[in-house]
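Chains, contacts and geometry: an overview
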Amino acid sequence: MELIKVTEQHEPHVALIQLNRPKELNALNPQLMQEVRDALVALDKNEAVRVIIITGNELAFAAGADIKQMADKSAIDMLLLDQFTTWDQIRKTKKPIIAAVSGFALGGGCEFVMTCDMVIASETAKFGQPEIKIGTIPGAGGTQRLTKAVGKAKAMELILTGRFLSAEEAHFYGLVNKVVPKEMYLQEAFTLAKEIAQLSPVAVQLAKESINRSFETHLDEGLTLERKNFYLTFASADQKEGMKAFIEKRKPDFKGQ
Ligand code: DAK
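The paragraphs below set out a description of the structure included in this document. (Residues numbered from 1 in each chain as written. Predicted model: local features only at pLDDT ≥ 70, side-chain atom pairs only at ≥ 80, totals over all residues. Heavy atoms only, no water.)

Focus: a nonpolar patch on the surface
What counts, and what does not: Like-charged residues are merged into a patch within 9 Å and nonpolar side chains (Val, Leu, Ile, Met, Phe, Trp, Tyr) within 5 Å, provided each residue has over 30% relative accessible area and no salt bridge. Working definition of accessibility: Shrake-Rupley area with a 1.4 Å probe, residue cover restricted to the visible protein chains. Put simply, a salt bridge is a Lys or Arg side-chain nitrogen that is within 4 Å of an Asp or Glu carboxyl oxygen. Put simply, DSSP H or I for four residues or longer makes a helix, DSSP E for two residues or longer makes a strand, and each gets a number counted from the N terminus.
Taken together, the side chains of Phe230, Tyr231, Phe234 and Met243 make up a nonpolar region of the molecular surface, amounting to roughly 440 Å² of accessible area. As for its position among the elements, Phe230 is in helix α11 (residues 219-233).

Side note on α11
The line we're drawing: How far a helix is expected to stretch is found by multiplying one less than its residue total by 1.5 Å. Exposure is judged per residue with a 1.4 Å probe applied to protein chains only, and the accessible area is read against the type maximum: over 50% gives exposed, under 20% gives buried, and values in between give partly exposed. Regarding the arc, it is the one traced by the directions from the helix axis to the C-beta atoms.
Taking 1.5 Å of rise per residue, 15 residues should cover 21 Å, and α11 covers 21 Å from first to last C-alpha, within 8% of that figure. Turning to α11, its buried residues are Gly222, Leu225, Asn229 and Thr233. What you see down the axis of α11 is that its buried residues fit within an arc of 85°, all on one side. Exposed and oriented more than 90 degrees from the buried face of α11 are Asp220, Lys228 and Tyr231.

Overview of the sheet that holds strand β6 (residues 104-106)
Our working definition: Any two strands with at least two DSSP bridges between them are considered paired. The convention used is that axes are lines fitted to C-alpha atoms, helices contributing only their stretch in contact, and that angles between N-to-C directions extend from 0 to 180 degrees.
Strand order across the open sheet formed by four strands is β4-β6-β8-β9, with mixed pairing between neighbours. Looking at which strands have only one partner, the edges of the open sheet turn out to be β4 (60-62) and β9 (164-166). For this sheet, the mean angle separating the axes of adjacent strands, direction not counted, is 20°. Relative to β9, strand β8 (residues 126-128) runs antiparallel, the two being bridged by three bridges. Note that in β9 the partner of Gly128 across the bridge is Phe164.

Some points on the packing of aromatic side chains
For any two aromatic rings, the description comes down to two numbers: the centre-to-centre distance and the angle of the planes. Heads up, the rule is: When the centres of two rings from Phe, Tyr and Trp lie within 6.5 Å, Trp using its six-membered ring, the rings pair. Their planes under 30 degrees apart give stacked, over 60 give edge-to-face, and anything left gives tilted.
In this structure the tally under the stated criterion is six aromatic pairs. Seen from their ring centres, Trp87 and Phe112 are 6.2 Å apart, and the 65° between their planes marks the pair as edge-to-face. In this pair, Trp87 is assigned in helix α4 (residues 84-92) and Phe112 in helix α5 (residues 108-115), connecting sequence segments 25 residues apart. Residue Trp87 shares its accessibility class with Phe112, and that shared class is buried. Their ring planes at 70° and their centres at 6.4 Å tell us that Phe104 and Phe164 sit as a pair that is edge-to-face.

A closer look at unusual backbone geometry
Of note in the backbone geometry, Leu25 takes a positive phi value of approximately 50° without being a glycine. With respect to the helices, strands and loops of the structure, Leu25 is situated in the loop between β2 (14-19) and α1 (30-45). Phi at Asn26 takes a positive value of approximately 60°, unusual for a residue other than glycine. On the secondary structure map, Asn26 appears in the loop between β2 and α1. By relative accessible area, Asn26 is classed as buried at 0%.

The following block contains the structure:
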């Protein structure tokens, strides 16, 4: 891995992916996204890992797709590049992903963050879809996910002007879970990750799948999936352990089975 750093057990059961193109403010080129994809596939298969944190550095989570690499491409070049396969992996990852964001999360960087499951932001974080200022529009889900996250009027304003959203505003609009001082954002992401990592990974995965389905289907279909996943938890040793531990008034020991 050249453009990202992966630490599989940063804390027990918690892996960390750090985007690492600092000079380019972590601009997301195809190589970096391929490395993210490969890391997510491996971490999803690694039984020791239960939660994944993705972060950048203090200055930038990511300032967007790499404009210098995109500038001269034709529509067909972009089509043949087929970047969606790599981007889709973020969405397909079964384990929960927390984005820990400081500084810029713009364009593809903001879309990347919105594809993650939860977001902890430093007070310095800035979110935005400024593609309109370079003559294009969001291409990795921004028009859809930002609209669902902040509502139509605000999404229109942000995407049509390219204005940035401060961390506090992003929190107000529900785009991020929590805003903390800049020295604390990664630590806070680990606190959240460790809390989730103590729980049944089977139940966590089924809950994540069910929540995500609410964005993709009508209520009836989502409720059907939720019910099936609810029944499925009763096939896990973790459900037996969790309920037994409650009755015996002790802490459960979840094995992920
Ligand atoms: N691409 C390439 N290089 C970038 C970059 C980017 N997006 N953002 C920053 N850099 C580079 C700068 O060129 C500069 O490099 P040098 O000139 O030093 O070589 C270095 O990072 C530092 O940037 P600045 O000097 O500009 O730093 P400032 O603090 O003055 O400004 C800024 C920071 C973030 C406000 C500014 O850099 C900026 O406006 N950056 C561009 C933001 C932007 O427009 N982002 C949207 C890009 S379009 C898709 C997937 C994704 C996408 C599309 C399709 N598919 C799956 C098909 C996404 C598209 C986009 O994200």
